[in-house]
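Examination of the molecular architecture
Listed below are the residues making up each chain.
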Amino acid sequence: MTEYLRIDLKSERWECRVCDHEIAPARGNYKEGLLVHDRDPREIHPPILDPDKYRFTFSPDPEWVRILEYCCPSCGTQVETEYAVPGHPPLHDMEVDLEALKAQWTARGEAAAPYAGPAVVRDDGHGH
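Residues numbered from 1 in each chain as written. Predicted model: local features only at pLDDT ≥ 70, side-chain atom pairs only at ≥ 80, totals over all residues. Heavy atoms only, no water.

- Naming follows an unreviewed UniProt entry, where the protein appears as Acetone carboxylase subunit gamma of Xanthobacter oligotrophicus.

Quick look at the structure:
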């Protein structure tokens, strides 16, 4: 579904693609099964102007916006990040039609092996 999330169609659960941890029911918001780090936006976007001299510093005001980092509780991989109004519940950004997805994968048949993309070969110029 994303670089870090997949759905197990048999168990109907969101899973971490890095460590296979079961995150949350696939019929709900995957973010509810992740750890959340509520960041002060000034950590990410430091003030350009001196905050002791100016009220508006070109840095987001933490009273108006927070940066939420969602991480897998098992391996710590950062799965998603969102800018949100303080106190707002997690955005529900993906709603999947599981029945349609199951039908699509059933029509494809079983894969002989999972596709992981092309092999990556490192060449540092010395045969390594």
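1. Focus on the UniProt feature "domain: C2H2-type" (unreviewed entry) in the protein
- The sites that UniProt annotates as "domain: C2H2-type" (unreviewed entry) are residues 71-92.
- Between the end C-alpha atoms of residues 71-92 the distance is 16 Å, and the span holds 0% helix and 36% strand. (UniProt positions renumbered as here; feature names shortened; annotations may be inferred. Helix = DSSP H or I, 4+ residues; strand = E, 2+ residues; numbered from the N terminus.)

2. Some points on the side chain of glutamate 15
- In this fold, glutamate 15 is placed in strand E2 (residues 13-16).
- The exposure class assigned to glutamate 15 is buried, which follows from its relative accessible area of 9%.
- Among the polar contacts made by the side chain of glutamate 15, one reaches the side chain of arginine 6 at a distance of 2.7 Å.
- Those residues within four positions of glutamate 15 in sequence are excluded, and the remaining contacts are Tyr4, Leu5, Arg6, Asp8, His21, Glu22 and Ile23. (Buried < 20%, exposed > 50% of the residue type's maximum accessible area, 1.4 Å probe, protein only. Polar contact = N/O pair within 3.5 Å; in protein donor to acceptor, adjacent residues only side chain to side chain. Contact = heavy atoms within 4.5 Å.)

3. Some points on the sheet that holds strand E3 (residues 22-25)
- Here we have three strands laid out as an open sheet, ordered E1-E2-E3, and antiparallel in their pairing. In the strand order of this sheet, the two ends are held by strand E1 (5-8) and E3, each with one partner. Along the sheet, successive strands turn relative to each other by an average axial angle of 35°, direction set aside.
- Where E2 lies against E3, three bridges are found, and the strand directions are antiparallel. Looking across to E3, one finds that arginine 13 is bridged to proline 25. (Pairing = 2+ DSSP bridges. Axes fitted to C-alpha atoms, helices over the stretch in contact; angles between N-to-C directions.)

4. Quick notes on the pattern of salt bridges
- Applying the stated criterion across every chain yields a total of twelve salt bridges.
- It is possible to trace a salt-bridge network through shared partners that takes in Glu12, Arg27, Glu99 and Lys102. (Salt bridge = Lys/Arg side-chain N within 4 Å of Asp/Glu carboxyl O.)

5. A short note on the pairing of strand E6 (residues 78-84)
- Taken together, the six bridges between strand E5 (residues 66-71) and E6 define a ladder with antiparallel strand orientation. Its bridge partner being in E6, glutamate 69 is matched across the sheet by threonine 81.
- Between E5 and E6, which follow one another and run antiparallel, lie six residues, and glycine 76 among them has a positive phi close to 85°.

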